[in-house]
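Understanding the architecture of this molecule
Residues per chain, in single letters:
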Amino acid sequence: MDGFDLKLLAALQQDGRLTNNELAERIGLSPSQCSRRRTALEQSGVIEGYHAALANEAVGLDVVVFVQVSLAAQSPDSAQAFGKLIRGMPEVQEAYALTGEADYLIRMAVPDLKALSRILNDVFLPHGSVAHLHSSIALDRLKKTARLPLRHLAPVEGRARSGRRPSRKGR
């Protein structure tokens, strides 16, 4: 990945609806070069896809909640059963397996506290893989972004002049 790829990714993260011509103009390439680079980044999996970001409140999902889940048993079967449950729930926006006290952290968007109560009491708690839950309701969002930081991929100034490239180890 070079400087043009990084500029392309930064521009698309800022506005994924840019046309190829607009993108090419922003990053200083011809439209055909820009298109080839974008296609290569899509095919390599760096660009996972494009989507419209919806505002929770505008679609009636006023409550954002984080749920820490501890499994009843530490087994592959229990983890698979819980994973299947989570993947089938449209209210779940993100789910992470964790180290530490809880096994999973789930972020959900629901219309109201009644809907949250129904999910916690009628879906999570009766599920055989779940031992216990701890939920926290978000009072306010301080930051929301889907943009990933890319500056760690940019060549270091001293290395760029010496002709050395940054190491790709660990990537």
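Before reading on, note that the structure itself is shown above.
This text gives an overview of the structure that appears in the document. (Residues numbered from 1 in each chain as written. Predicted model: local features only at pLDDT ≥ 70, side-chain atom pairs only at ≥ 80, totals over all residues. Heavy atoms only, no water.)

**A short note on the pairing of strand β3 (residues 104-110)**
To keep it simple, the criterion reads: We call a residue buried when its accessible area falls under 20% of the maximum for its residue type, exposed when it is over 50%, and partly exposed in between, using a 1.4 Å probe and counting protein chains only. Under the DSSP-based scheme used, a helix requires at least four consecutive residues in state H or I and a strand at least two consecutive residues in state E, with every element numbered from the N terminus. The pairing criterion is simple: DSSP has to find at least two bridges between the two strands.
Along β3, five of the seven residues are buried, which leaves the element largely enclosed by surrounding structure. By the bridge criterion, seven bridges tie strand β1 (residues 63-71) to β3 in an arrangement that is antiparallel. Residue pairing in the sheet places F66 in a bridge with R107 of β3. Across five bridges, the pairing between strand β2 (residues 92-97) and β3 is antiparallel. Bridging from a neighbouring strand, V92 pairs with M108 of β3. Taking the residues between adjacent antiparallel strands as the criterion, β2 and β3 are bridged by six residues, where G100 takes a positive phi near 100°.

**Considering the nonpolar core**
Defined as follows: Only buried Ala, Val, Leu, Ile, Met, Phe, Trp, Tyr and Cys residues count toward a nonpolar core, and they belong to the same one when joined by side-chain atoms within 4.5 Å. We call two residues contacting when some pair of their heavy atoms lies within 4.5 Å.
Residues F82, M89, I106, M108 and F124 are the most contacted members of the largest nonpolar core, which totals 20 residues. If you list the elements that add at least two residues to this core, you get β1, α4 (76-87), β3 and α5 (113-124). Excluding its chain neighbours within four sequence positions, the residues that come into contact with F82 are V69, L71, Y104, I106, F124, H127, S129 and V130. Counting residues in each nonpolar core, the second largest holds 15 residues, with L9, A11, L29 and L150 among its members.

**With respect to the environment of L142**
Position of L142 among the secondary structure elements: in the loop between β4 (130-137) and α6 (157-162). A relative accessible area of 81% places L142 in the exposed class. Separated by 31 residues in the primary sequence, L142 and P111 place their C-alpha atoms 20 Å from one another.

**What to know about the pattern of salt bridges**
Rules: Here a salt bridge means any side-chain nitrogen of Lys or Arg lying within 4 Å of a carboxyl oxygen belonging to Asp or Glu.
All chains considered together, the criterion is met by four salt bridges. When the shortest N-O distance is used, the salt bridge between D5 and R37 registers 2.9 Å. A residue pair is termed long-range when its members are at least 10 positions apart, and D5 in helix α1 (residues 3-14) and R37 in helix α3 (residues 31-43) qualify at 32 residues. D5 sits in the buried class, given a relative accessible area of 12%. Exposure remark for R37: the relative accessible area of 23% places this residue in the partly exposed category. Where E91 meets R118, a salt bridge forms, and the shortest distance between an N and an O atom there is 3.8 Å. Taken as a pair, E91 in the loop between α4 and β2 and R118 in helix α5 lie far apart in primary sequence, 27 residues in all. When its relative accessible area of 41% is taken as the criterion, R118 is described as partly exposed. Ionic contacts of the salt-bridge type, sharing partners, join the residues D2, D5 and R37 into one network.

**Observations concerning the packing of aromatic side chains**
Selection criterion: Centres within 6.5 Å make a pair out of two Phe, Tyr or Trp rings, where for Trp the six-membered ring is used; the pair is then stacked when the planes are under 30 degrees apart, edge-to-face when over 60, and tilted otherwise.
The final tally for this structure, using the stated rule, is two aromatic pairs. Each member of the aromatic cluster is reached from another via a ring pair, and the members are F82, Y104 and F124.

**With respect to the sheet that holds β2**
Consider a sheet: its strands pair through backbone hydrogen bonds, and that pairing is either parallel or antiparallel. Here is the rule we go by: Every angle, taken between N-to-C directions, lies between 0 and 180 degrees, and every axis is a line fitted to C-alpha atoms, over only the stretch in contact when it is a helix.
Ordered by their spatial adjacency, four strands build an open sheet running β2-β3-β1-β4, and the pairing between neighbours is antiparallel. Every interior strand has two partners, whereas the edge strands, β2 and β4, have only one. With direction set aside, neighbouring strand axes in the sheet form an average angle of 20°.

**Brief notes about α1**
In plain terms, the rule: Helix span, as expected, comes to 1.5 Å for every residue beyond the first.
End to end, α1 covers 17 Å across twelve residues, agreeing with the expected 16 Å (1.5 Å per residue, within 8%). Among all positions in α1, only D5, L6, L8, L9, A11 and L12 are buried. Looking at the buried side of α1, the elements it contacts are α2 (20-27) and α3.

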